[in-house]
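Spelled out from the first residue to the last, the chains are:
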Amino acid sequence: MNLLIVGSGGREHALAWKLSQSPKVAKIFVAPGNSGCVGLAECVDIDIGNLRLLVRWTREHDIGLVIPGSETYYMAGIVDAFKDSGIPVFGPDRSAAELEGSKSFAKGLMRRHGIPTADFAEFEQFEAAMRYLDSRSEGPLVVKADGLCAGKGVVVCQNLDAARHAVGQMMRERAFGEAGAKVVVEELLRGQEVTILALTDGKTIAPLASSQDHKAAFDNDEGPNTGGMGAYSPAPILTDEVMDEVVERILVPTVHAMNEERRRFRGLLYAGLMLTGGGPKVLEYNVRFGDPETQPVLMRLKSDLFDLLYATVKGKLADQTLEWRDEAAVCVVLASGGYPGAYVKGKPVSGLERAAARKDTVVFHAGAKMNRQGQVTTDGGRVFGVTSLGPDIASAVKNAYQAVGDISFEGMRFRSDIGKKAL
Ligand code: AMP
Ligand code: GLY
């Protein structure tokens, strides 16, 4: 079967890498893809914003499954656009994608269905948000823009003044555009974060191996939030016992709640959790594979990913089993200088072959492209996700940082403490 992956990040490279190992997959196209996909897949330059054109292209190229990477495609209605085409598309339709597309919807769903999450209030009016903050006693709060902000619309505020400032930035200054027309203000949760990715066809839920992201830009979780500076899998803090609780109190009720509200969720449900003293609570839902969590998680997956994705779309997930390698995997993101703020693109990269030749290491490309001469240059904020396996997290960390040492480009920056929390 021919596949089309839509997107250009490290997650999409990882999906192409894993799917290319399936004997059932004939050819993979990635639109637009990146330099890492070259050799595994054909990168195609089509206007992915034009969904009608995309459906036609897909039909002409005999595509048997479409796999969109990013939430933006789901929120743009990519699944809905293919509805009458007979071509299966992995993931939720527009109405179910609201789980990620609107924090207010997600929080409301959790409140209506008793799914554990931080206490919150939401506002569509700046003055009302300010009055609420005036009425609160001093202390930390988290301010979130309602809509999609590429992981950057959340501000953890240590005091009320910081919260007022964040609300002003979102609602008045429109720092995140229309995504900030509505804000959610919530209680700060304390504990360790973990990510659970789970496949679901709306009936069966198949959790993947646990992982942990590193959202802050700098070591020791300092600096602004980014799309993710590194990840590891498994997350040792997520014991079998806690995992059972996550399934019972969070994953199952979420899938049920979506069914009950007639927004049947099919695809990859991403639960970002805080393991608090009062049990696991949901920080956020996403409706697609996490980036960079997907990179270490797929390195550990033994089962055929194509079978899993296809069964999810076809409502046959109950027939599938998941098998994992015992090794741990760690992904270190190499970013452009300045990211998550402004950065310069087009810097030539060296050392990729040497890093990629290392045993049990894959350099997943993200914001990177290749020119006609075969030279890879930087093309985004997060440029590579250097991902290595090892018998345990400590060894995987060591292997990944050794490979990181091979690669260089002007302004290259990375966190030096990925995986440290697990040690
Ligand atoms: P989100 O996009 O909602 O996951 O938020 C991004 C990051 O902000 C999370 O990964 C957490 O590190 C942090 N965060 C979000 N909500 C809270 C909360 N209620 N308490 C503490 N930290 C939070
Ligand atoms: N790594 C966080 C995300 O994919 O949203």
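Shown above is the structure to which this text applies.
Residues numbered from 1 in each chain as written. Chains lettered and ligands numbered in written order. Predicted model: local features only at pLDDT ≥ 70, side-chain atom pairs only at ≥ 80, totals over all residues. Heavy atoms only, no water.

Asks: How should the pattern of salt bridges be read in this particular structure?
Replies: Between side chains of opposite charge, a pair can form when the charged atoms approach closely. Following the criterion strictly, the structure yields 25 salt bridges and no others. Of the charged contacts, one joins lysine 144 and glutamate 186 as a salt bridge, the two residues approaching to 3.0 Å between their closest N and O atoms. With lysine 144 in strand S6 (residues 141-145) and glutamate 186 in strand S8 (residues 183-187), this pair connects stretches of sequence that are 42 residues apart. For glutamate 186, a relative accessible area of 3% puts it in the buried group. (Salt bridge = Lys/Arg side-chain N within 4 Å of Asp/Glu carboxyl O. Helix = DSSP H or I, 4+ residues; strand = E, 2+ residues; numbered from the N terminus. Buried < 20%, exposed > 50% of the residue type's maximum accessible area, 1.4 Å probe, protein only.)

Asks: Whenever I open this one, the packing of aromatic side chains confuses me. Can you help?
Replies: Each aromatic ring pair is characterised by the separation of its centres together with the angle its planes make. Applying the stated rule across the entire model yields eight aromatic pairs. An angle of 80° between the planes, with centres 5.5 Å apart, marks the rings of tryptophan 17 and phenylalanine 364 as edge-to-face. Of this pair, tryptophan 17 sits in helix H1 (residues 10-19) while phenylalanine 364 sits in strand S18 (residues 361-365); the two residues are 347 residues apart in sequence, bridging distant segments of the chain. Note on tryptophan 17: relative accessible area 18%, which makes it buried. Between phenylalanine 123 and tyrosine 132, the aromatic rings sit 5.1 Å apart at their centres with planes inclined by 45°, giving tilted as the arrangement. The side chain of arginine 111 reaches across the aromatic face of phenylalanine 120, ending 3.8 Å from its centre. Between arginine 288 and the ring centre of tyrosine 270, over which it is positioned, the NZ or CZ distance is 5.7 Å. (Phe/Tyr/Trp six-rings, centres within 6.5 Å; stacked < 30°, edge-to-face > 60°. Lys NZ or Arg CZ within 6 Å of the ring centre and 35° of its normal.)

Asks: When you look at the nonpolar core in this model, what are you seeing that I'm missing?
Replies: Buried together is how nonpolar side chains tend to be arranged in soluble globular proteins. The biggest cluster of nonpolar side chains holds 109 residues, and the ones touching the most others in it are Leu19, Leu99 and Phe384. Top element by residues in this core is helix H9 (residues 240-260). It accounts for eight residues. Ranked by size, the runner-up nonpolar core spans 20 residues in total, among them Ala121, Ala145, Met170 and Ala179. (Core = buried A, V, L, I, M, F, W, Y, C linked by side-chain atoms within 4.5 Å.)

Asks: So what exactly am I meant to see when it comes to the side chain of serine 388 here?
Replies: Residue position: serine 388 is located in strand S21 (residues 382-390). For serine 388, a relative accessible area of 0% corresponds to the buried category. A distance of 3.3 Å separates the side chain of serine 388 from the backbone nitrogen of alanine 400, its partner in a polar contact. Apart from the residues within four sequence positions on either side, serine 388 is in contact with Met299, Ala328, Ala329, Val330, Asp360, Thr361, Ala396, Asn399 and Ala400. (Polar contact = N/O pair within 3.5 Å; in protein donor to acceptor, adjacent residues only side chain to side chain. Contact = heavy atoms within 4.5 Å.)

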